[in-house]
Amino acid sequence: MATKKSTKSKSDKKRSKADGKRKAREAAGSLEDYLKSAVRAVEVADLLTIPLTHSIQNLLQLAAQSLNADAASVLVRDGDEGGLKFLVAMGPVADKLMDIRIPPGRGVVGFVFQSGQPMAVDVSQDPNFYPMVDSATGYRTLITLATPLRVGAEAVGVLQFVNRSGWEHLPEGTPAEAFTPEEMEKAAYFADAIAALVDAHETASLVETLFELSIKSAGGGDEIGNALRKWLSEVRTAPEHKDLMALAISLRDIASRGDAERQLCREVLDSLARYTERGAFSTTYMSF
Amino acid sequence: MAQSDPAMEAANALKDLWGGITPDSTWQGRTGKGVRVAVVDSGIDVRHPALKDKVKESVEAVVENGKVVFHPSTSGDQAGHGTACAGIITEVAPEVELHSVKVLGPNASGSGDMFLAGLDYAIRNKMQVVNLSLGTTKPQYFGPLHDLLDRAYHAGCILVAAANNLPQPSYPSIFSSSLVSVVKREGGDPFNFGYRYGEVIELVAPGVQVRTTWPGGGYRQVTGNSFACPYIAGIIALIMEAYPDLTPFQVKSILFAIASRNKQKAEAIPKE
């Protein structure tokens, strides 16, 4: 009886070992799934947001030239309370603007965002005007024109122009040439085009955010979740990332051409993998 | 004896009908004294030297238990828009009683719900003139705003709304039958306003590079339909001081008559 019990115990141990292995395989599988999702999310977000940001920059540049503005920026929603942040900016202090947040309903841009009404303001005759953004950047706003970015009836941001080109060379006390109603109309046309891009940019960013949230909720505070977050943050900052993404896109393209192409691709990659196992190639990029 | 022309007779009769309505008979010497004017906007800087003692009441929309309610406001105007509108109204009608109904700002979501609640507050509190340099383009507010406008009309509350600056209809400015809608033009005397009968937005008033009050005690030059609207609100306040019982359609008739006179005067000036 005792022997039987002992045998049973051995088989239990075997089963438990097998279960452990299966669980480990499952865990590895889910880890692999996470990785795949991570790569896909980063790929999608980057592939979508980077060209969109470039297009917004180009349009903004064109708009600023058309209005003869010294500086221009695109502000987008920051949270759900009506706050704004800079998505793209051009001009002498563009870099400094990127960290600034506009609280809900503050200043000309805050109002334009909340009300959906464009507005031009000339402060050149008021030496006491020193708004929050100017105090943070050291720039001096004389005139500004802000118009809402709207998709349908929904406000998605604000397009702002500040000062005329070459304003700093004018003699002190020279009145600024304010933005005109015609320029306000022109700005509205640029705003229409930029708003569509901003909307697409928001959607792409949402993919990234949703992925991060899914990692957070699935991984929680455990080891896998922490490792994934660390890995993801490394992926984003790694210089190799772009190369690997380009490789991933090429593979996807080849794989979509047919079974023979997929098979050939796999064989080439397997050969490459065997070759790199010899230590000819190493990177910390994919390591946790 | 020459036969009389019936068309000419009708035109003369019309002239006589409106002949009594002149700036002298409507606003000359008036200051808007005691007329209750609500500014539904981003608040008013009550400490501004030009507005001090002119703001009788200042309330702010907040959401409590899912409902928009109004509490006394001490937060001023963080955007400047409401203060700018108030400055223009008091430039035309310096002794009006201003009521600031704040529906935009740090504590406001900027939603249509707050805007509607602000308008409702102004009507319930028997404002005689309401300046709405705001609007909404969201179709879901079309019906509720229409109801509010009807309520205002029957309460004798005159609503003055700015047209949308963008090529898109905004409510309530397009409800031109029951309110006074205003679009901007460059320069000129605010009393020399125009009337575009048959257009969706009927009144035309200065709204380009207008100098007005700004939070913090200063002044700004501003451009937008938002700033044409308070000129007309101020002029209506002058008319309401002279004739406090006027109904909205009577006020529109007076504005139409005087704008026609302005146009005739402008046409009589020989062109170079």
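K.L.:
Got a minute to help me understand the overall build of chain A in this structure?
P.N.:
Scanning chain A from terminus to terminus reveals eight helices and six strands. For chain A, the sequential pattern of α-helices and β-strands runs α-β-β-α-β-α-β-α-β-β-α-α-α-α. Burial statistics for chain A: of 288 residues in total, 29% are counted as buried. Sequence-distant contacts, at least 24 apart, represent 64% of the contacts inside chain A between residues at least 6 apart.

K.L.:
I'm lost on the overall build of chain B in this one. Help?
P.N.:
Across its full length, chain B holds seven helices and 11 strands. The C-alpha radius of gyration of chain B comes to 19 Å, within 12% of the 19 Å expected for a compact globule of 272 residues. In terms of overall dimensions, chain B has C-alpha extents of about 80 × 40 × 35 Å along its principal axes. In chain B, which comprises 272 residues, the proportion classed as buried is 52%. Look at the contacts in chain B between residues 6 or more apart in sequence, and 73% of them connect residues 24 or more apart.

K.L.:
I tried to follow the sheet that holds strand β2 (residues 83-90) of chain A on my own but got confused; where do I start?
P.N.:
Sheets are built from strands paired through backbone hydrogen bonds, the pairs being either parallel or antiparallel. Reading across the sheet, the eight strands line up as β3(A)-β2(A)-β1(A)-β6(A)-β5(A)-β4(A)-β11(B)-β10(B) and stay open at both edges, with antiparallel pairing between neighbours. Each edge of the sheet is formed by a strand with only one pairing partner; in this case those strands are β3 (101-102) of chain A together with β10 (210-214) of chain B. Pairing analysis gives four bridges linking strand β4 (residues 119-122) of chain A to strand β5 (residues 143-151) of chain A, with the strands arranged antiparallel. Looking at the pairing, A:D122 lines up with A:I143 of β5(A). Most of the contacts of helix α3 (residues 107-115) of chain A go to β5(A), to which it runs at about 25°, and overall it touches β1 (69-78), β2, β3, β4, β5 and β6 (154-164) of chain A. Those strands touched by helix α3 (residues 81-92) of chain B are β10 and β11 (218-223) of chain B, and its axis lies near 120° from that of β10(B).

K.L.:
What exactly am I supposed to notice about the nonpolar core here?
P.N.:
Soluble, globular proteins show a tendency: their nonpolar side chains are buried together. All names here are of chain B. Counting 132 residues, the largest nonpolar core has V160, V182 and I232 as its most contacted members. The greatest single-element share of this core, amounting to 10 residues, is contributed by helix α6 (residues 229-242). What V182 contacts, discounting residues up to four positions off in sequence, is V160, A162, A163, I201, L203, A205, N225, A228, C229 and I232.

K.L.:
Whenever I open this one, the sheet that holds strand β6 (residues 158-162) of chain B confuses me. Can you help?
P.N.:
All names here are of chain B. With mixed pairing, nine strands are arranged side by side in an open sheet as β3-β2-β4-β1-β5-β6-β7-β9-β8. In the strand order of this sheet, the two ends are held by β3 (67-72) and β8 (194-195), each with one partner. Of the pairings in the sheet, the one linking β6 to strand β7 (residues 180-186) comprises three bridges and is parallel in character. When the bridges of β7 are listed, A162 appears paired with V182.

K.L.:
Just to check I follow, could you spell out helix α7 (residues 248-268) of chain B for this structure?
P.N.:
Note that an α-helix has 3.6 residues per turn; residues three or four places apart therefore point the same way. Residues and elements named next belong to chain B. In this model, α7 (21 residues) spans 30 Å end to end at C-alpha, consistent with the 30 Å of a helix rising 1.5 Å per residue. Among the residues of α7, those classed as buried are P248, V251, K252, I254, L255, I258 and A259. End-on view of α7: buried residues confined to an arc of 160°, all on one side of the axis. Exposed and facing more than 90 degrees away from the buried side of α7 are F249, Q264, E267 and A268.

K.L.:
I tried to follow the interface of chain B and chain A on my own but got confused; where do I start?
P.N.:
Many analyses report the size of an interface as the accessible area lost when the parts associate. With 29 residues of chain B at the contact, the number on the chain A side is 28 residues. Of the residues forming the side of chain B that touches chain A, the biggest block, six residues, is contributed by β11(B). For the side of chain B that touches chain A, a count of residues per class yields 11 nonpolar, 15 polar and three charged. Both β4(A) and β11(B) contribute to a ladder of three bridges, which runs antiparallel. Residue pairing across strands places A:A120 opposite B:T223, the latter belonging to β11(B).

K.L.:
Whenever I open this one, the packing of α3(B) against α6(B) confuses me. Can you help?
P.N.:
For any two helices packed against each other, the geometry comes down to the angle between their axes and how far apart the axes lie. Residues and elements named next belong to chain B. Closest axis-to-axis distance for the α3/α6 pair is 8 Å, and the angle between their directions is 40°. Remark: the crossing between α3 and α6 carries right-handed chirality. Contacts between α3 and α6 involve C85, I88, I89, E91 and V92 from the former and P230, Y231, A233, G234, I235 and L238 from the latter. Looking at the contact of α3 with α6 residue by residue, the classes come out as nine nonpolar, one polar and one charged.

K.L.:
What am I meant to see in the confidence of the model for chain B here?
P.N.:
Atomic detail in the predicted coordinates should be set aside for any region of low pLDDT. Looking at chain B, the pLDDT average stands at 88 and 92% of residues meet or exceed 70. Prediction confidence for the complex, expressed as pTM and ipTM, is 0.73 and 0.79 respectively.

K.L.:
Which parts of the structure should I look at to understand helix α5 (residues 142-155) of chain B?
P.N.:
Residue and element names in this part refer to chain B. With 14 residues, α5 extends 20 Å between its outermost C-alpha atoms, agreeing within 8% with the 20 Å of an ideal straight helix rising 1.5 Å per residue. Those residues of α5 that sit buried are L145, L148, L149 and A152. Looking down the long axis of α5, one finds its buried residues gathered within 100° of arc, a one-sided arrangement. Facing away from the buried side of α5 by more than 90 degrees, the exposed set consists of G143, D147, D150 and H154. For α5, the elements touching its buried residues are α4 (112-124) and β6. Of the residues trailing α5, G156 is marked for its positive phi of about 75°.

K.L.:
Help me understand the packing of α4(B) against α5(B), please; the structure alone is not making it clear to me.
P.N.:
All names here are of chain B. The N-to-C vectors of α4 and α5 enclose an angle of 15°; their axes lie 10 Å apart at closest approach. Compared by their axis directions, α4 and α5 come out roughly parallel. Crossing handedness for the pair α4 and α5: left-handed. Contact residues: α4 offers L116, L119, D120 and I123, while α5 offers P144, L145, L148, R151, A152 and A155.

K.L.:
What's the story with unusual backbone geometry in this structure? I'm lost.
P.N.:
It is generally the case that most residues other than glycine have a negative phi and that most peptide bonds are trans. One non-glycine residue, A:N68, adopts positive backbone phi at about 50°. Along the chain, A:N68 turns up in the loop between α1 (2-66) and β1. At B:Q209, a position not held by glycine, the phi torsion is positive, near 50°. Along the chain, B:Q209 turns up in the loop between β9 (203-208) and β10. On the basis of neighbour count, B:Q209 is assigned to the partly exposed category, with 17 C-beta atoms found within 10 Å.

Analysis parameters
- Residues numbered from 1 in each chain as written.
- Chains lettered and ligands numbered in written order.
- Predicted model: local features only at pLDDT ≥ 70, side-chain atom pairs only at ≥ 80, totals over all residues.
- Helix = DSSP H or I, 4+ residues; strand = E, 2+ residues; numbered from the N terminus.
- Buried ≥ 20, exposed ≤ 12 C-beta atoms within 10 Å, placed from the backbone.
- Contact = placed C-beta atoms within 7 Å.
- Rg over C-alpha atoms; globule rule 2.2 N^0.38 Å.
- Pairing = 2+ DSSP bridges.
- Axes fitted to C-alpha atoms, helices over the stretch in contact; angles between N-to-C directions.
- Core = buried A, V, L, I, M, F, W, Y, C linked by C-beta atoms within 7 Å.
- Expected span 1.5 Å × (residues − 1).
- Arc of directions from axis to C-beta.
- Nonpolar A, V, L, I, M, F, W, Y, C, P; charged D, E, K, R; others polar.
- Left-handed = near helix turned anticlockwise from the far one by under 90°.
- pLDDT = per-residue confidence, 0-100.
- Parallel < 35°, antiparallel > 145°, perpendicular 65-115°, else oblique.

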